[in-house]
Amino acid sequence: MTETTLNDARWRDPAATPEDRVDALVGMMTLREKVAQLVGVWVGANTEGGEVAPHQHEMNEAVDLDELLPHGLGQLTRPFGTAPVEPGLGALSLQRTQERITAANRFGIPALVHEECLAGFAAWKATAYPVPLAWGATFNPDLVRTMSSAIGADLRSVGVHQGLAPVLDVVRDARWGRVEETIGEDPYLIGTVATAYVQGLERAGIVATLKHFVGYSASKAGRNLAPVSIGERERADVLLPPFEMAVRESGVRSVMHAYTDIDGVPTAADGSLLTTLLRDTWGFQGTVVADYFGIAFLKELHRVAATLGEAAAAALTAGVDVELPTIHTFGEHLVAEIDDGRLSEDVVDQALRRVLRQKLDLGLLDPDWSPVPPALAGGGVPIVDLDTPGNRAIAAELAEQSIVLVGNSGILPLTAAPRIGLIGPNAATHRAFLGCYSFPAHVGEQHPEVELGLAIPTVAEALEQEFPDSDITIATGCTIDGTATTGFDEALAVANGSDVVVAVLGDRAGLFGRGTSGEGCDAESLELPGVQQQLLDTLLATGKPVVVVLLTGRPYALGSAVTRAAAIVQGFFPGEEGAAAVAGVLSGRINPAGRLPVSIPRSPGAQPSTYLAAPLAQSSGVSNIDPTAAFAFGHGLSYTSFSWDDAGSAADSAPTDGEAGVHVTVTNTGERDGVEVVQLYLHDPVASVVRPVQRLIGYARVPLAAGSSARIAFTVPADVTAFTGRDRVRIVEPGALELRLSASSSDIRAVVPLTLTGAVRTVDHTRRLHCDVQVTPL
């Protein structure tokens, strides 16, 4: 085929239909050209702006770009997120690499570029936003959408096309190391916040990626990549709903399979999930990408494939379209499966069409496509600012809204504190605010010779600015996870010489055991890491008022501090502006409005536990273990007070295909402006299968000026009461229900009875997922 023929082909014609363009291109490609579009190569941008080079990993086979690129290339993996590179030079390096890729293959098809963006663009000098667990604490999807739009704009500016976020896993056991990457323990909260994140990213022109589909967070004992033995009902009613909501409502264009095997079937090879449910039922039309090395794990870990070729064929047949992060099974191993007649080339074509359609939608197949990213459009190598004042303002607002005032005896806000003893391993380190997938923690730790690249104040620095007239003395006391108590004496001396102690405790995010939170950093119990609980108990014993500040990636039991601490403030890795947010809450400059997206346990060993649990999971007289939380899901205090009045409904019954209304009036009865989060829970006293005692079905974040009131009205469709019945079909069941208007899952302010009447009704994926909510100022 001549170059002229290629240039004149229908696939280059923007006037042709997308289907015709893709079909024309598929019809001209050789098998190796097809397979090349289904793989990525892990690269690292050149720090001087030259072409990228393959990044090697112990799971990687050597990649010869000179041999590979004439066939084309599907994706480039993390050119910015592999090593520190100046953003402008990284963009230039990526441009030159795309020029090389397009020049080498006969169709001139560029690679799609993906990066991590779970807590912001995971690149050197890019804004480090709060982690997803902090997003959940805001109960504010609109703000999360604003954040992801900014992240998407930064990604797009330097030539990135796809972001590997958000995580929609539902926390089932808080010992799991990746709790910080989740949005919480409730499917509805996760679904609404994650959907907003996806909308922001997609509207910025970036392909969002839902992960991890599905079941990853339900691993036994909270161990990373451990087996999952949940039932079909738990999967359908707890783990799948956030993904279903995002697929239906967000415009998401990619899904990542989980590492999980559920009851012996790895999700990477589960066609009932990746094809029957995701595509045939929900109508998803994007690409399914592999979690890193997940296809090879079918052979190496799950052992359901004898060869890498068998693993490739199993994943591709199930519905995985792209192997990431690099070529391991989808290269020559996959080609051999087809050449030897064990796999039809049609299966490759099916995945290829989805990949090419995505590239077409991104403009990568258009004749006027340019490898020059927007940041370099003016020529030269500009200074690319990925941590703009606008970004930092968004990060600050998210951090402020995410801080949860868990307990307060009245000591906060600290209006007068002449002598502050600032004690704890997180008191004077910027790492206290960063999650595992922030660039400094994820990559920067491997390059200690390189500067941080961001201004991230510590708690000590923020308090010195917040309390300029106070005498602040700092003592570490202990390390995050060490066993030495030699620093206790200094900490005691500082505490005894202070008017108030601020104990800053918590986690250090890391990877695979290099931290106390993060991927592969699972916990044996929910006791504070190392000897921090001993330090805390020692400080409490002084009799000084102790304000506990927790900067963590998961909730921890706090022992006697639950009742003895003067105040407890919880932050979930609140990002680069987290210190100012914490200091502002302590001083009262910020009126806290965060709510717990995960329960704080009373006992460190009563796991797994979550508020979303059946009656038998509650405290009882037949077990000596009490799983009752010290502070429940949805809990959070304020520096003002609210009254809830006039709760009720227009009718106490509705048909199983109807809807009902419920309302309440909330008044700010305090002396300062504040935010109340009105939560609506469903309680089903008697059902045909065991149900959770209650579950969140709606919420409203309600800002109220001092003395003002608002009427919050929910319209509750019968559809939201649906659950999976005995025959594995989702049903709306008639009977008596309770609608609980609550300030948290344990703080019920009003119960509104509702009876559903009529016949049992079957519903499907087209059912209504939300209670409409209207907030009317009075």
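Counting from 1, residues in each chain are numbered in the order their sequence is written. Two thresholds apply to this predicted model, a pLDDT of at least 70 for residue-level local features and 80 or more for giving and counting side-chain atom pairs, whereas whole-chain, interface and lining totals are computed over all residues. Side-chain measures here rest on the full set of heavy atoms in the structure, leaving out hydrogens and waters.

### A short note on the overall build of the protein chain
A run of DSSP states H or I qualifies as a helix once it reaches four residues; a run of E qualifies as a strand once it reaches two. Both are numbered from the N-terminal end. Looking only at helices and strands, the protein chain has 22 helices and 30 strands in total. Both definitions apply: the radius of gyration is a C-alpha atom measure, and the globule rule equals 2.2 Å times residues to the power 0.38. Against the compact-globule benchmark of 28 Å for 778 residues, the protein chain has a radius of gyration of 27 Å, which places it among compact chains. With the C-alpha coordinates of the protein chain rotated into their principal frame, the extents come out at 85 × 70 × 50 Å. Taken over 778 residues, the protein chain has a buried fraction of 63%. Long-range contacts, defined as pairs at least 24 residues apart, comprise 79% of the intrachain contacts of the protein chain with a sequence gap of at least 6. For the protein chain, the exposed area adds up to about 26,800 Å²; of that, 49% sits on carbon and sulfur atoms. We call a residue buried when its accessible area falls under 20% of the maximum for its residue type, exposed when it is over 50%, and partly exposed in between, using a 1.4 Å probe and counting protein chains only. Should any heavy atoms of two residues lie within 4.5 Å, those residues are counted as being in contact. To measure how exposed things are, a 1.4 Å probe is used in the Shrake-Rupley method; for residues, cover is taken only from the protein chains shown.

### Some remarks on the environment of Q532
By secondary structure assignment, the location of Q532 is in helix α20 (residues 532–540). The exposure class assigned to Q532 is buried, which follows from its relative accessible area of 0%. The sequence separation of Q532 and G477 amounts to 55 residues, and the corresponding C-alpha distance is 8.5 Å. When neighbours within four sequence positions are excluded, Q532 is seen to be in contact with P425, C478, T479, I480, L505 and G506.

### Notes on the environment of T656
Structurally, the position occupied by T656 is in the loop between β20 (653–655) and β21 (659–668). Along the primary structure T656 and R701 are separated by 45 residues, whereas in three dimensions their C-alpha atoms are 28 Å apart. In contact with T656, not counting residues within four places along its chain, are A718, V732, E733, P734, L756, T757, A759 and R761. In terms of polar contacts, T656 uses its side chain to reach the backbone carbonyl oxygen of A759, at 2.9 Å. Any pair of nitrogen or oxygen atoms within 3.5 Å is treated as a polar contact; in protein, a donor-acceptor pairing is required on top of that, and neighbouring residues in sequence qualify only through side-chain atoms on both sides.

### Things to note about the packing of aromatic side chains
Geometry of aromatic contacts follows a simple scheme: Phe, Tyr and Trp rings, the Trp one being its six-membered ring, pair when their centres are within 6.5 Å, and the pair is stacked under 30 degrees between planes, edge-to-face over 60, tilted otherwise. The final tally for this structure, using the stated rule, is 15 aromatic pairs. Ring geometry for Y611 against F633: centres 4.8 Å apart, planes inclined by 10°, an arrangement best described as stacked. Taken as a pair, Y611 in the loop between β17 (600–601) and β18 (629–631) and F633 in the loop between β18 and β19 (642–648) lie far apart in primary sequence, 22 residues in all. Each member of the pair, Y611 as well as F633, carries the same accessibility label: buried. Relative to Y681, the ring of Y611 lies with its centre 5.8 Å away and its plane at 85°, an arrangement referred to as edge-to-face. Taken together, the positions of Y611 in the loop between β17 and β18 and Y681 in strand β22 (residues 674–683) put the pair 70 residues apart, joining distant regions of the chain. For the pair shown, Y611 and Y681 are each scored as buried. Lysine NZ or arginine CZ positioned within 6 Å of the ring centre and within 35 degrees of the ring normal marks a charge as sitting over the ring. Over the ring of Y437 we find K211; its NZ or CZ atom is 5.6 Å from the centre of that ring.

### Description of unusual backbone geometry
A cis amide bond, omega 0°, links F213 with the succeeding residue V214. By the element assignment, V214 lies in the loop between β6 (207–213) and α9 (232–239). With a phi angle near 70°, K125 is a residue other than glycine that sits in the positive phi range. Inspection of the secondary structure puts K125 in the loop between β4 (112–115) and α6 (132–138). The phi dihedral of F512 is positive, around 50°, even though this residue is not glycine. Mapping F512 onto the fold places it in the loop between β14 (500–506) and α20.

### Side note on the sheet that holds strand β27 (residues 735–744)
Within a beta sheet, neighbouring strands are joined by backbone hydrogen bonds and run either parallel or antiparallel to one another. Strands were regarded as paired on the criterion that DSSP finds at least two bridges between them. The five strands lie next to each other as β20-β28-β27-β22-β23, forming an open sheet whose pairing is mixed. Looking at the sheet topology across the chains shown, the edges are occupied by β20 and β23 (695–704). In this sheet, neighbouring strand axes are inclined to one another by 25° on average, regardless of whether the strands run parallel or antiparallel. Angles shown run from 0 to 180 degrees and are taken between the N-to-C directions of axes, each axis being a line fitted to C-alpha atoms and, for helices, limited to the stretch in contact.

### Comments concerning α20
Regarding α20, the residues found buried are Q532, Q533, L535, L536, L539 and L540. Projected onto a plane normal to the axis of α20, the buried residues spread over an arc of 160° and lie on a single side. Directions from the helix axis toward the C-beta atoms define the arc.

### A look at the side chain of D387
Within the secondary structure, D387 is located in the loop between α15 (345–361) and α16 (389–402). If sequence neighbours within four positions are ignored, D387 has contacts with K125, T127, R392, L454 and E576.

### Remarks on the sheet that holds strand β26 (residues 730–732)
Across the sheet, three strands lie side by side as β25-β26-β29; this open sheet has antiparallel pairing. A single partner strand is all that each edge strand has here, and the edge strands are β25 (723–724) and β29 (761–762).

### Side note on the state of the cysteines
In this description, a disulfide is simply a cysteine sulfur pair whose atoms lie within 2.5 Å. This structure, assessed with the given rule, holds zero disulfides. C521 provides the cysteine sulfur closest to C436, a residue in no disulfide bond, and the two sulfurs are 6.5 Å apart. Taking the relative accessible area as the measure of exposure, C436 reaches 1% and is therefore buried.

### Quick notes on the packing of helix α13 (residues 308–318) against helix α14 (residues 332–339)
Between α13 and α14, the least distance of the axes is 8 Å, while the angle of their chain directions is 80°. What the angle tells us is that α13 and α14 run roughly perpendicular. Residue-level inspection shows L308, G309, E310, A312, A313 and L316 of α13 in contact with α14, the latter providing H333, L334 and E337. Three categories are distinguished: nonpolar for Ala, Val, Leu, Ile, Met, Phe, Trp, Tyr, Cys and Pro, charged for Asp, Glu, Lys and Arg, and polar for the others, with Gly belonging to the last. Among the residues making up the contact of α13 with α14, the classes are represented as five nonpolar, two polar and two charged. Roughly parallel refers to an angle under 35 degrees, roughly antiparallel to one over 145, roughly perpendicular to one between 65 and 115, and oblique to any angle outside these ranges.

### Re the packing of helix α18 (residues 459–466) against helix α22 (residues 578–587)
Contact geometry of α18 with α22 gives a least axis separation of 8 Å together with a crossing angle of 45°. Classed by the angle they form, the pair α18 and α22 counts as oblique. As for how α18 packs across α22, the hand of that crossing is right-handed. Residue-level contacts link V459, A462, L463 and E466 of α18 to A579, A580, A583, G584, L586 and S587 of α22. Here the residues of the contact of α18 with α22 sort into seven nonpolar, two polar and one charged. Left-handed describes a crossing whose near helix is turned anticlockwise from the far helix by less than a right angle; the clockwise case is right-handed.

### Structural notes on the pattern of salt bridges
Salt bridges are defined as contacts in which a side-chain nitrogen from Lys or Arg sits within 4 Å of a carboxyl oxygen from Asp or Glu. Tallying each qualifying case throughout the model produces 39 salt bridges. Measuring nitrogen to oxygen at the nearest pair gives 3.0 Å for the salt bridge that ties D366 to R21. Taken together, the residues span a long stretch of sequence, with D366 in the loop between α15 and α16 and R21 in helix α2 (residues 18–28) at a distance of 345 residues. Residue R21 is classed as buried on the basis of its relative accessible area of 4%. As a salt-bridge pair, R106 and E33 come within 2.5 Å of each other at their nearest N and O atoms. Pair noted here: R106 is in the loop between α5 (87–104) and β4 and E33 is in helix α3 (residues 31–36), with a separation of 73 residues, a long-range link.

### Structural notes on the side chain of R695
When you line up the elements, R695 lands in strand β23. Neither His nor the chain termini are counted; the positive set is Lys and Arg, and the negative set is Asp and Glu. Buried charge R695 goes without a salt bridge, the closest partner of opposite sign being D237 at 7.4 Å. At a separation of 3.4 Å, a polar atom in the side chain of R695 contacts the main-chain carbonyl oxygen of A722.

### Observations concerning the environment of T329
In this fold, T329 is placed in the loop between α13 and α14. What makes T329 buried here is its relative accessible area of 0%. As for T329 and M29, which are separated by 300 residues in sequence, their C-alpha atoms are 20 Å apart.

### Digging into the pairing of β23
Among the ten residues in β23, eight count as buried, and that is most of the element. Pairing analysis gives nine bridges linking β22 to β23, with the strands arranged antiparallel. Each residue of the ladder has a partner; that of V678, found in β23, is A700.

None of the figures reported here should be taken as evidence of function without further support.
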